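# Inside the fold
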Amino acid sequence: MIFLATVGDRDIRLKMRRENGQPVVEIADHAPQLDLVQLSQSSYSLLVDGRSHHLSVRPSRDGYLVDLRRRTYHVRLRDELDLIIENLGLKDATSDHSGEVTAPIPGLITSVAVAVGAEVDAGEQLLILEAMKMENEIAAPKSGRVAVVHVSPGDAVEKGAPLVELEGCQGL
Amino acid sequence: MIFLATVGDRDIRLKMRRENGQPVVEIADHAPQLDLVQLSQSSYSLLVDGRSHHLSVRPSRDGYLVDLRRRTYHVRLRDELDLIIENLGLKDATSDHSGEVTAPIPGLITSVAVAVGAEVDAGEQLLILEAMKMENEIAAPKSGRVAVVHVSPGDAVEKGAPLVELEGCQGL
Amino acid sequence: MIKKLLIANRGEIAVRVIRSCRELDIPAVAVYSEADRSAPHVLMADEAICIGPPPSVESYLNVTNILEAARSTGADAIHPGYGFLSENAGFARSVLNTGLTWIGPGPETLEQMGDKVAARRLALEVGAPVVPGSIEPVTDLAAAEKTATEVGYPVLIKAAGGGGGKGMRVVTVADELPTAFERARSEAASAFADDRVYVEKVLGQPHHVEIQIFADSHGRVVSLGERECSIQRRYQKIIEETPSPFIAPEVREQLSALSVKIAAACHYLSAGTVEFLVDGDQNYYFLEMNTRLQVEHPITELVTGLDLVAEQLRVASGESLSFDQDDIQPRGYALECRIYAEDGFESFAPSTGNVLELSAPSGMGVRLDHGIRQGLEITPYYDPILGKLCAWGRTRPEAVRRMVRALEELRIIGVRTTVPFCMAVMNHPAFMEGNYCTSFISDYLPELVSWSEEETNHLGEAAVLGAALFAAARRPTTSDRTDSRSAKSDWVRLGRERQVSQ
Amino acid sequence: MIKKLLIANRGEIAVRVIRSCRELDIPAVAVYSEADRSAPHVLMADEAICIGPPPSVESYLNVTNILEAARSTGADAIHPGYGFLSENAGFARSVLNTGLTWIGPGPETLEQMGDKVAARRLALEVGAPVVPGSIEPVTDLAAAEKTATEVGYPVLIKAAGGGGGKGMRVVTVADELPTAFERARSEAASAFADDRVYVEKVLGQPHHVEIQIFADSHGRVVSLGERECSIQRRYQKIIEETPSPFIAPEVREQLSALSVKIAAACHYLSAGTVEFLVDGDQNYYFLEMNTRLQVEHPITELVTGLDLVAEQLRVASGESLSFDQDDIQPRGYALECRIYAEDGFESFAPSTGNVLELSAPSGMGVRLDHGIRQGLEITPYYDPILGKLCAWGRTRPEAVRRMVRALEELRIIGVRTTVPFCMAVMNHPAFMEGNYCTSFISDYLPELVSWSEEETNHLGEAAVLGAALFAAARRPTTSDRTDSRSAKSDWVRLGRERQVSQ
């Protein structure tokens, strides 16, 4: 099984196979001695050629989030089939390309700066979401026109709740 | 529902019912305000008339083990049916009255002091079980005759493993 | 002595106060909002009372419910912690009028020092310089322009009625003044219901240095030394240390002496902090007085060995301070990193979620004060502070290295925190040399958030391997699909199962 | 300085050494048996190497595998911790012969001080009294009887080749001597492969007091003060404190001076401990020297501010001690409670199992050193020590109260520990007054394990309520049986679910 892993700007080639019943992983043409042990629901101990890593792994929408030392690594893994599909220019139908702006954290809407029909530029303030005693400005991710405003000042919203829908913004 | 709770030497009468959809527990003729919230697999927060208790509860063979402050409380709960059965002199068929002596902890058998057929007094050493760098003397819980010896010096045993069986000892 | 103490707060500071109660054998009553039923301060207290729904105004700021909680539990004293009602003179007065003991300075002191203009006037009276600017609030643009021209640009427009960065504007050139003046006033009005502002000179290379003082009701006022709090983001402290690596010994002595004078002049009682700005040339200026226990008090405890909360409870009961000025012989160096539920690498965006894992650092010279537990939901209702990690060392480099070690050990999984950002600060050469002022974070932000060689290469590969092995166990590869159960145990082993089988 | 350190140990002491490595920027290599793959010392180390199956003789005592692990990882130094190979002269020699740095005194010192008879002889030479009894090992019963009669009964028969209570017998009257002598010899032979024993007088109201010394390779030897270790069970320490609440200042000075002389006489290097018995009249007698880092070293660190492990690594590299005798100005009082996986209320029976929950105490003056984590299986293979809880205070009562508070906060669910027993000791009037000797536990055992009024009544009822509510949720009562799902959420609420719904 061959994977192409993407972490940050780097693409890393991975080969995973079984040898004498033991899993073997080749990474960048080297096959390190690996030992992964699950410690709890969220955390793992990984020994790579004896180097000890205490990490947590959880699946995300399009890959895996790995907490290791002081960083969170966003790892995408694509197998041969994924790569062929991508090379053919086909897109994953499930991925989100809509103009929906959602609440990044739960909180309280304290003000709404736009109305339906307004034209907004990328970076322009749409509304203010207050959480943890702080006002967070929610800005338009791309330029477009406001199609729907889902919230009013005073509304409490959950994480991921739709706030505003923009139209006319490709590839958001 | 009426329970008789036994903790240590004390018997405590409990009445549990529902009032306006809310659970109400009467203990020793008082109905405290109760609030039990589960914190994790093993632990709970219990408020009794506002008094805060951080406890862990787990079922044991014949009741519940409750860790609270510096003690482990062994609580037996018997409902009306249990009490009727007991008063009639009937015994629970599943309870263990055999003469089996089991390993209280996992460890290594370092010596066996008795052989089949030997008569032993209560408190007499049967064997030595080594665990955590310490020798633990396993003694006869009651007087009787050794019927079976399951282990030999050098054996590693799991917790609960049968070690010796005694016969002629009622009510062990 | 106090018979039963109600703590009108939550989170790490409520836990902190409960700890001193335990050590003094004083039963502690926790109050909690409906969002905090299973929070550590509730679990640790002797008694716990719900005081309302999650929003602070309905619970932790709800004076009626808090006083009723004290009445119903028979508490005879209230500790307000920091934030919430801690500097609210009206609340302090209600507490005292109900016949309870208030842990903190009296309402008159709270009123006087809570008014920035009055506080500056008092500082000038005892001989403490204040930042050049308007002594009285400015009410019209012309007066603001006059002051700005006198002290010279850049200037800062600041709200008289409160802090936290609200109603605050930096003005670099005269043209910007009119707009900034109006916006600061309107922000101040909506934030503090008080539109008074004043104009101050912006200092060069400013350091935020504060003096911890302590006063009892018998007229004794003691300085416990300074804390350097110049590592800030959005005018909020994130890392503090004591002693300051910057100020000269004679400045330290002068600041201490002035702080004691200020505390005496406002008839101070209990723990308080006098804040100063010190510029690059060691000129110092009184800023304000914080009339409560400060978030960063543990570093003073680490070097002095004193329990400031226990001391607050003693002096509130009318006892004398258990120490005098000669007993204050600070030992070593102490640092604090504030653990906020914020992603320091993403503009300090707040983060909420469930604490899936919490593993506390410990060992030599490490102290963690926190108010969370594994399984706790971090909600958006309150201040994002989760805890404070402190490290002590014989020397400053030892304390810094120890802090790095402790930050590496601290595992909080499930919520983003400022732990990684604090690590970046600790490892930055300017911080290691003790050479920094309040612009540190903005000056060095790109370096602080950049990835190291090791992080991108070696650790990046480890992360990929972790993800791949995890994925292989969950999504069996073609050859594994026949038996996905055994596949899992091949790729990932369960630590626990493994040991049982041996 | 050392380039990479291998730690030939496990558990809390391996974690302890790794912490100092981190602070000194020395990569740390952990070794582990197959039972310890997921133990904290493996997770915290930079590298980790398996050295064999669970039994110690095949792993942590396996010299070949440990040296091979050092070779394969490129470690240039070995720290042995305590126990296992730490006082093994042969191992130290192999380490040195392989060209590695050994963290500890040289093999000759280990040999000399490991032989109790030689050690006593050396102590006498520098003027330290030894417990009245045989200087040379006694080889026949007649010699034993002669010595016993000379010093007077009761006497103690002790193995010359080792400690830990093995090969040790108290003889109260002359009639018991022959049997006790034979059993002690045979036990000593099987435990230490050395049947030499000696006969000592049993002292009245004995205190176990020890001096921490530190020596570098430049001839400097410093005393870091004493530790009182008289709270023991089965001749093993369980609670220690510094300073001793018992010994007089002049005794403290004399013990320190003698310890420095003894260390100098045996050409000591690194950290070591000289143990004394002090009787009720403050007469003191040399007992033995422990030629390694001691379990209870953290209390000395708490009062001196020194990192003893970091200092060990420095002096092993040939550096001078970073302090001299005048720098040792102990501050305050420190206590240690050892957390064993043993039920203190059930004759200290060992306990194994899974650590379902671990919540560490913290805050002012508290230090926890441990080698466990939530989810870890406590196996029967090794010493039952899980960790050590230390508390510091300005005064002894403050330290004791703080320890009680910290013990209450420490939650280890799933394994029985000595935490509750230590709490009982802390709360005992004789301990609080500092009035105890080595017979403390046996003298007061019934009181220590007895139930308080509050425990039987108020807390007993809370436990019953907890069990009943738990049971009601799991085994619905008659009226609930129609809908057991909703019944559960009525009787027990899930903290997490509840908050999410708000």
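Remember, it's a predicted structure, so these values are computed and weren't measured experimentally.

Counting its secondary structure elements, chain C contains 19 helices and 23 strands. Rg of the C-alpha trace for chain C: 25 Å, near the compact-globule value of 23 Å for 502 residues, within the 12% margin. Looking at chain C as a whole, 61% of its 502 residues are labelled buried. Long-range pairs, those at least 24 residues apart, make up 65% of the contacts in chain C between residues at least 6 apart in sequence. Surface summary for chain C: the accessible area is close to 17,300 Å², and the carbon and sulfur share equals 50%.

Attention now moves to the sheet that holds strand β16 (residues 162-167) of chain B. Through backbone hydrogen bonds, the strands of a sheet pair up, either in parallel or in antiparallel fashion. Residue and element names in this part refer to chain B. The strand order β9-β16-β14-β11 describes an open sheet built from four strands, whose pairing is antiparallel. For this open sheet the edge positions go to β9 (100-102) and β11 (119-120), each flanked by a neighbour on one side alone. As paired strands, β9 and β16 are joined by three bridges and run antiparallel to one another. Counterpart to valine 101 in the pairing with β16 is valine 164.

Here the focus is the sheet that holds strand β10 (residues 107-112) of chain B. Residues and elements named next belong to chain B. Strand order in the open sheet made by the four strands is β13-β12-β10-β15, with antiparallel pairing throughout. At either margin of the open sheet sits one strand with a lone partner, and together these are β13 (134-139) and β15 (156-157). Examined bridge by bridge, β10 and β15 share two bridges and lie antiparallel to one another. Its bridge partner lying in β15, glycine 107 is registered against valine 157.

Quick look at the domain arrangement of chain C now. Residue and element names in this part refer to chain C. If you check the domain split of chain C, you get domain 1 (5-103), domain 2 (132-201) and domain 3 (207-456). Measuring from the centre of the C-alpha atoms in domain 1 to the corresponding centre in domain 3 gives 24 Å. With 35 residues of domain 1 at the contact, the number on the domain 3 side is 31 residues. With both chains or domains summed, domain 1 and domain 3 bury close to 2,300 Å², and 60% of this area falls on carbon and sulfur atoms. Of all residues in domain 1, the largest losses of buried area upon contact with domain 3 belong to Glu12, Arg16 and Tyr82, amounting jointly to 27% of the total for that side. With a shortest N-O distance of 2.7 Å, glutamate 301 and arginine 16 are connected by a salt bridge. Summed over the shared surface of domain 1 and domain 3, the result is 11 residue pairs in polar contact (both at pLDDT 80 or more). Mapped by element, the contributors of at least two residues to the side of domain 1 that touches domain 3 are α1 (11-24), α2 (40-44) and β5 (101-102).

Next up on the list: helix α17 (residues 458-474) of chain D. Here α17 of chain D spans 25 Å end to end across 17 residues, near enough to the 24 Å set by a 1.5 Å rise per residue. Of all 17 residues in α17 of chain D, 14 are buried, a share of seventy percent or more.

The subject of this paragraph is the interface of chain D and chain C. Contact with chain D, which involves 51 residues of that partner, is made by 51 residues of chain C. Summed over both sides, the interface of chain D with chain C buries roughly 4,300 Å², with 41% coming from carbon and sulfur. Summed over the shared surface of chain D and chain C, the result is 14 salt bridges. Counting the contacts that link chain D with chain C gives 24 residue pairs in polar contact (both at pLDDT 80 or more). Looking at the side of chain D that touches chain C, the elements with two or more residues in it are α1 (11-24), α10 (297-304), α11 (308-316), β19 (366-370), α12 (396-409) and α19 (495-500) of chain D. For the side of chain D that touches chain C, a count of residues per class yields 14 nonpolar, 13 polar and 24 charged.

Residue and element names in this part refer to chain D. Extensive coverage of strand β14 (residues 333-340) is indicated by the burial of seven of its eight residues. With four bridges joining them, strand β11 (residues 236-242) and β14 adopt antiparallel strand pairing. In the sheet register, glutamate 241 faces β14, and the bridge partner there is leucine 335. Bridge count for β14 against strand β21 (residues 385-393) is eight bridges, and the pairing is antiparallel. By the bridge assignment, alanine 334 is partnered in β21 with tryptophan 392.

Applying the stated criterion across every chain yields a total of 28 aromatic pairs over all chains. Between the aromatic rings of phenylalanine 440 of chain C and tyrosine 444 of chain C, the centroid separation amounts to 5.1 Å while the plane-to-plane angle is 55°, which identifies the pairing as tilted. With phenylalanine 440 of chain C and tyrosine 444 of chain C both in helix α15 (residues 440-449) and four residues apart, the pair spans about one turn of that helix. The exposure class assigned to phenylalanine 440 of chain C is buried, which follows from its relative accessible area of 1%. Ring geometry for phenylalanine 276 of chain D and phenylalanine 286 of chain D: centres 6.3 Å apart, planes at 80°, overall edge-to-face. Here phenylalanine 276 of chain D is found in strand β12 (residues 270-278), whereas its partner phenylalanine 286 of chain D is found in strand β13 (residues 284-290), with 10 residues between them in sequence. For phenylalanine 276 of chain D, a relative accessible area of 0% puts it in the buried group. Members of the aromatic cluster, each reached through a chain of ring pairs, are Tyr60, Phe84, Tyr381 and Tyr382 of chain C. Sitting above the plane of the tyrosine 340 of chain C ring, arginine 233 of chain C keeps its charged end 4.4 Å from the centroid.

Basis of the calculations
- Residues numbered from 1 in each chain as written.
- Chains lettered and ligands numbered in written order.
- Predicted model: local features only at pLDDT ≥ 70, side-chain atom pairs only at ≥ 80, totals over all residues.
- Heavy atoms only, no water.
- Helix = DSSP H or I, 4+ residues; strand = E, 2+ residues; numbered from the N terminus.
- Rg over C-alpha atoms; globule rule 2.2 N^0.38 Å.
- Buried < 20%, exposed > 50% of the residue type's maximum accessible area, 1.4 Å probe, protein only.
- Contact = heavy atoms within 4.5 Å.
- Areas by Shrake-Rupley, 256 points an atom, 1.4 Å probe, with all protein chains shown as cover.
- Pairing = 2+ DSSP bridges.
- Domains from an automatic or database assignment.
- Buried area = accessible area lost by both parts, 1.4 Å probe.
- Salt bridge = Lys/Arg side-chain N within 4 Å of Asp/Glu carboxyl O.
- Polar contact = N/O pair within 3.5 Å; in protein donor to acceptor, adjacent residues only side chain to side chain.
- Expected span 1.5 Å × (residues − 1).
- Nonpolar A, V, L, I, M, F, W, Y, C, P; charged D, E, K, R; others polar.
- Phe/Tyr/Trp six-rings, centres within 6.5 Å; stacked < 30°, edge-to-face > 60°.
- Lys NZ or Arg CZ within 6 Å of the ring centre and 35° of its normal.

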